[in-house]
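The residues making up each chain are set out below.
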Amino acid sequence: MLTKRIIPCMDIQNGKIVKGINFLNIREVGDPVEQGRYYASHGADELVYLDITATDEKRKVFLSLVREIAQAINIPFTVGGGISTIDDVSALLDAGADKISINSAAVKNPKLITELANRFGSQCIVVAIDTKNEEGDWYVYVHGGKTKTPLKTIDWAKQAEELGAGEILLTSMNNDGTKNGFANDITKRVSQSLNIPVIASGGAGTMEHFADVFTTGCADAALAASVFHYKEIEIPVLKKFLSEQNISVRI
Amino acid sequence: MNVVVIRYGAGNIQSVLFALQRIGITPTLSSDPAVIAKADKVIFPGVGEASGTMKELKASGLNNVIKELKQPFLGICLGLQLMCKHSEEGNVDCLGIFDLNVKKFIPADNVKVPHVGWNTIQNLKGPLFNGIPENSFVYYVHSFYAEPGKETAATTNYINPFSASLSKGNFHAVQFHPEKSGTVGESILKNFISL
């Protein structure tokens, strides 16, 4: 039976994992290769690395890091952050990334999804959507959540699938950082409207939140950062808990 | 140990090279028939579209080279599908090493296609699975599958049972990605290397 996936996410700046405590205070929490190796050997099903600096100069640092990660890690990993061209994707896949995620660049130029899917295959193209609930509806935000678009999340997710996305990474800005649980309503709507897997992100605080997003939210995978980085939740313990709730996981 | 990974039109073979390095092998990447023929072991990886990659294999003559090989040979993912008789992906005749057809998953109620993630393998047979327990987890990413048949060496259930692995003489193949399947995948690669 296909299992629900648990995915730790690492934000990378200058070759280190960082975690924003708030907008002004970004704290280093570890080495991406060592941390990735730890997660891989402690039950993570996949990893996500996001380059949060993403200037041209810093991108080279990230690229050599991707190569080191690929050499060390024996499970799949996705990389994202500032990817906007076929050349960006080609370099990351050549370095050994299994999948790439695109966000703002896909909203700006939806044809990019099709171009990437045709060139590299849908299986490695993840479309990341940052969404926010406003006045009862969910809208797409870009540029790291700074800019609102008129796109409704459900419409954009469907369009991304039609254009060739292989997976959707859906982050709720309302929930992100709250530790009050995932946005189960929009996650369920997107997951049930699409035929491709949906990774839920934003709001994980307890093990029950993961169970909820897999059952109520119909998510195929759940992503989290700080609860794993700070060992508030250990993945083997989480998986045992989920398994006891009759949620199928890889143990 | 001279392990050659075949370079052809298919993408993302870097992870296969790195996985071999992790088990102590320094592979050679080549599309040269002479280099491939002299290898101790040959690996045929690949992610991509069947009809396009078959066209490239034919253009380079590698289709005939592969069929004549006598050393242990391992197809991975698209590699497995191309070793079958025919694929629905682009409706193309493939290498015909395995007497099986490749079909597209038809989405069922709340079951998505592609099949992405970790699933279990059953009915394990043959040397690739030495020491691998039934129902071990492996990582999949695919929309097409080979039906089960007499050459099937492992099965997985997704929408319907399909061939997780095929084996016939020196030819072996897996639909999942051993290079991304954690320690189980590494054991399967080691089993292949020690054939």
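Here, every reference points to the structure presented above.
Residue numbers run consecutively from 1 along every chain, following the written order of its sequence. Whichever chain is written first is A, and whichever ligand is written first is 1; the rest continue in order. pLDDT decides what is reported in this predicted model: residues at 70 or higher carry local features, side-chain atom pairs at 80 or more are listed and counted, and totals for whole chains, interfaces and linings draw on all residues regardless. In computing side-chain values, all of the structure's heavy atoms are included and hydrogens and water are not.

1. Let's talk about the pattern of salt bridges
A side chain of one charge can pair with a side chain of the opposite charge if their charged atoms are brought near each other. Residues and elements named next belong to chain A. Salt bridges are defined by distance alone: a side-chain nitrogen of Lys or Arg within 4 Å of a carboxyl oxygen of Asp or Glu. Using the criterion set out here, one finds 17 salt bridges over all chains in the structure. In this structure, the salt-bridge partner of Asp-45 is Lys-239, at a minimum N-O distance of 2.8 Å. You can see Asp-45 sitting in the loop between helix H1 (32-41) and strand E4 (47-51) and its partner Lys-239 sitting in helix H10 (residues 235-244), a full 194 residues away along the chain. Throughout this description, buried means an accessible area under 20% of the type-specific maximum (1.4 Å probe, protein chains only), exposed means over 50%, and partly exposed covers the range between. The class for Asp-45 is buried, based on a relative accessible area of 0%. Secondary structure elements follow DSSP: runs of H or I no shorter than four residues count as helices, runs of E no shorter than two count as strands, and numbering proceeds from the N terminus.

2. Considerations on the interface of chain B and chain A
How big an interface is tends to be reported as the loss of accessible area on association of its parts. Facing 28 residues of chain B, the contacting portion of chain A comprises 35 residues. What counts as buried area is the accessible surface, traced by a 1.4 Å probe, that two parts surrender upon association, with contributions from both included. Each partner contributes to the roughly 2,400 Å² buried at the junction of chain B and chain A, and carbon and sulfur atoms together form 53% of this total. Between the two partners, chain B and chain A, sit two salt bridges. Note that Asp-220 of chain A is salt-bridged to Lys-112 of chain B, the shortest N-O span being 2.8 Å. Throughout this description, a polar contact denotes any pair of N or O atoms lying within 3.5 Å of each other; where both atoms belong to protein, one of them has to be capable of donating a hydrogen while the other can accept it, and for residues adjacent in sequence the pair is counted only when both atoms sit in side chains. For the pair chain B and chain A, the interface holds 16 residue pairs in polar contact (both at pLDDT 80 or more). It is strand E8 (residues 115-121) of chain B that provides the largest number of residues to the side of chain B that touches chain A, a total of six residues. Classifying every residue of the side of chain B that touches chain A by side-chain character gives 12 nonpolar, 11 polar and five charged. We call two residues in contact when some of their heavy atoms are within 4.5 Å. Each residue is assigned to one of three groups, with Ala, Val, Leu, Ile, Met, Phe, Trp, Tyr, Cys and Pro labelled nonpolar, Asp, Glu, Lys and Arg labelled charged, and all others, Gly among them, labelled polar.

3. Details of the sheet that holds strand E2 (residues 28-30) of chain B
Residues and elements named next belong to chain B. A pair of strands is considered paired only if DSSP assigns at least 2 bridges between the two. With respect to topology, seven strands assemble into an open sheet ordered E2-E1-E3-E4-E13-E12-E11, the strand pairing being mixed. Of all strands in the sheet, those with a lone pairing partner are E2 and strand E11 (152-158), marking the two edges. Taken pair by pair, the neighbouring strands of this sheet meet at an average axis angle of 25°, ignoring direction. Pairing of E11 with strand E12 (residues 160-168), which is carried by six bridges, proceeds in the antiparallel orientation. Among the inter-strand pairings, Thr-156 is bridged to a residue of E12, identified as Phe-162. Of the strands in this sheet, strand E1 (3-6), E2, strand E3 (41-44) and strand E4 (73-76) are in contact with helix H1 (residues 14-22), which crosses E1 at around 165°. Only the stretch in contact is used when a helix axis is fitted, and all axes are lines through C-alpha atoms; the angle between N-to-C directions ranges over 0 to 180 degrees.

4. Looking at the sheet that holds strand E10 (residues 144-146) of chain B
Residues and elements named next belong to chain B. Spatially, the four strands line up as an open sheet ordered E6-E5-E7-E10, and their pairing is mixed. Pairing within the sheet leaves two strands with one partner each, and these edge strands are strand E6 (92-93) and E10. In this sheet, strand E7 (residues 101-104) lies alongside strand E5 (residues 86-87) in parallel orientation, the contact comprising two bridges. Considered in E7, the bridge of His-86 is made with Asn-101.

5. What about the nonpolar core?
Take the buried residues of types Ala, Val, Leu, Ile, Met, Phe, Trp, Tyr and Cys, join any two whose side-chain atoms come within 4.5 Å, and each joined set is a nonpolar core. Membership of the largest hydrophobic core comes to 80 residues, with the highest contact counts inside it found for Tyr-49, Ile-100, Ile-102, Phe-210, Phe-228 and Leu-242 of chain A. Contact partners of Phe-228 of chain A, with chain neighbours within four places excluded, come to Ile-6, Ile-7, Pro-8, Tyr-39, Phe-210, Ile-233, Ile-235 and Leu-238 of chain A. Grouped together as the second largest cluster of nonpolar side chains are 33 residues, Ala-19, Phe-129, Ile-188 and Ile-193 of chain B included.

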